[in-house]
Amino acid sequence: MRYLTFALGKGRLAKKTLELFEKIGITCEEMKDKDSRKLIFVNEELKLRFFLAKGPDVPTYVEYGAADIGIVGEDTILEEQRKLYEVLDLGFGKCRMCVCGPQSAAELLKHHEQIRVATKYPHIAKDYFYNKKHQTVEIVKLNGSIELAPIVGLSDVIVDIVETGSTLRENGLVVLEEICPLSARVVVNQVSMRMENERITKILTDLKSVIKQEA
Ligand SMILES: Nc1ncnc2c1ncn2[C@@H]1O[C@H](COP(=O)(O)OP(=O)(O)OP(=O)(O)O)[C@@H](O)[C@H]1O
Ligand SMILES: O=P(O)(O)OC[C@H]1O[C@H](OP(=O)(O)OP(=O)(O)O)[C@H](O)[C@@H]1O
């Protein structure tokens with residue numbers, strides 16, 4: 001039997017993902033060691049391999065078949081636009097993709113002004129403004145602390161994740177428009193889905209029943 005390989009996004013989603021896997025009998029103790037610099041972990045008994053990667057790289061590993069299954073935020077799936085199957089909503093990592101800014105920017109949006117938008121998600125922002133709102137905007141790609149951009153005058157608004165809203169509140173910004181809700185998803189390589197259908201379907205069925213019990 002060949003190994004099934006899982007790519008997990010490091011960061012916020014990793015802990016909950018491992019907890020969920022434990023509930024369906026998939027454990028990888030070694031992965032919990034925070035001091036370890038090891039990148040890939042094997043469960044010999046179950047013939048499974050796990051690795052942690054940067055969130056935006058997870059869809060890449062899955063599309064190329066370097067991982068059969070990936071766990072990643074819906075925001076990353078939408079942004080990366082990779083060829084893969086999105087098969088399950090895990091129901092955690094819930095947040096919203098929003099257009100945010102100072103309250104004063106509401107007028108700019110309303111009147112479809114030529115505005116500048118800072119974001120870590122240029123594809124999502126472009127799709128929203130160009131295809132859904134038919135508004136021409138200039139998009140500036142940033143890699144973090146996006147809320148800074150309108151404060152220091154780099155952009156009029158931002159497109160970013162809002163979870164509790166604390167970051168916005170503490171920086172005098174508000175949600176101006178909601179783009180879509182988000183949560184953690186399971187994605188599967190298109191060839192693996194055919195070749196390893198039985199094993200993958202079993203894992204998905206087990207995950208679904210745990211999610212249902214907890215809902
Ligand atoms: N408050 C939140 N902020 C950011 N992401 C959140 C939040 N709540 C849930 N998420 C989800 O968790 C995923 C991983 O977020 P995390 O911040 O750990 O990684 P990242 O955005 O790739 O960050 P970094 O660039 O710092 O590694 C996001 O893609 C998103 O789907
Ligand atoms: O609504 P809240 O609960 O405040 O969460 C939203 C914030 O969390 C994320 O940032 P993150 O912590 O990932 O930092 P980064 O943007 O600098 O990567 C996101 O980009 C927002 O800034």
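Owing to the predicted nature of the structure, the values given are computational and were not obtained by experimental measurement. (Residues numbered from 1 in each chain as written. Chains lettered and ligands numbered in written order. Predicted model: local features only at pLDDT ≥ 70, side-chain atom pairs only at ≥ 80, totals over all residues. Heavy atoms only, no water.)

**Side note on unusual backbone geometry**
Keep in mind that most residues, glycine aside, have a negative phi and that most peptide bonds are trans. Positive phi values are uncommon outside glycine, yet glutamine 81 reaches one of about 50 degrees. Counting through the fold element by element, glutamine 81 comes out in the loop between helix 3 (74-80) and strand 5 (85-89). Looking at glutamine 81, the relative accessible area reads 53%, which means it is exposed. (Helix = DSSP H or I, 4+ residues; strand = E, 2+ residues; numbered from the N terminus. Buried < 20%, exposed > 50% of the residue type's maximum accessible area, 1.4 Å probe, protein only.)

**Focus on the domain arrangement of the protein**
Domains assigned within the protein are domain 1 (4-93 + 183-214) and domain 2 (95-180). With 5 residues of domain 1 at the contact, the number on the domain 2 side is 8 residues. Surface buried jointly by domain 1 and domain 2 totals about 620 Å² across both partners, of which 51% is contributed by carbon and sulfur atoms. It is Asp75, Leu78 and Glu79 that lose the most area in domain 1 upon contact with domain 2, and together they represent 70% of the buried surface on that side. Counting across the domain 1 and domain 2 interface gives 4 residue pairs in polar contact (both at pLDDT 80 or more). Of the residues that constitute the side of domain 1 that touches domain 2, the class distribution is 1 nonpolar, 2 polar and 2 charged. (Domains from an automatic or database assignment. Contact = heavy atoms within 4.5 Å. Buried area = accessible area lost by both parts, 1.4 Å probe. Polar contact = N/O pair within 3.5 Å; in protein donor to acceptor, adjacent residues only side chain to side chain. Nonpolar A, V, L, I, M, F, W, Y, C, P; charged D, E, K, R; others polar.)

**Regarding the sheet that holds strand 8 (residues 137-141)**
The sheet built from 5 strands is open, its strands ordered 8-7-9-6-10 with mixed pairing. Looking at strand neighbours, the two that pair on one side only are strand 8 and strand 10 (174-182), the edges of this open sheet. For this sheet, the mean angle separating the axes of adjacent strands, direction not counted, is 25 degrees. The sheet contact formed by strand 7 (residues 115-119) and strand 9 (residues 157-162) spans 3 bridges and is parallel. Bridging across to strand 9, threonine 119 finds its partner in valine 159. Relative to strand 8, helix 5 (residues 122-132) is tilted by about 170 degrees, and along the sheet it contacts strand 6 (95-101), strand 7, strand 8, strand 9 and strand 10. (Pairing = 2+ DSSP bridges. Axes fitted to C-alpha atoms, helices over the stretch in contact; angles between N-to-C directions.)

**Points about the site of ligand 2**
Taken together, 13 residues lie around ligand 2, and Glu147, Asp160, Glu163, Thr164 and Thr167 are the ones closest in. Between ligand 2 and arginine 12 there is a distance of 3.0 Å, counted from an oxygen atom to a side-chain nitrogen or oxygen. Between an oxygen atom of ligand 2 and a side-chain N or O atom of lysine 120, the distance comes to 3.2 Å. When isolated, ligand 2 has an accessible area of 500 Å², and the protein chains bury 73% of it. Elements with a contribution of two residues or more to the shell around ligand 2: strand 9 and helix 7 (166-169). Tallying contributions element by element places strand 9 first for the shell around ligand 2, with 3 residues. For the shell around ligand 2, the per-class residue count stands at 2 nonpolar, 6 polar and 5 charged. (Near = heavy atom within 4 Å. Areas by Shrake-Rupley, 256 points an atom, 1.4 Å probe, with all protein chains shown as cover.)

**Side note on the pattern of salt bridges**
Charged atoms that come close allow side chains of opposite charge to pair. The full count for this structure, using the stated rule, is 16 salt bridges. In this structure, lysine 15 engages glutamate 19 in a salt bridge whose closest nitrogen and oxygen atoms are separated by 3.7 Å. Pair noted here: lysine 15 and glutamate 19 are both in helix 1 (residues 12-23), with a separation of 4 residues, about one helical turn. A relative accessible area of 60% places lysine 15 in the exposed class. Salt bridges here are not isolated pairs; linked through shared partners, they connect Arg2, Asp68, Glu196 and Arg199. (Salt bridge = Lys/Arg side-chain N within 4 Å of Asp/Glu carboxyl O.)

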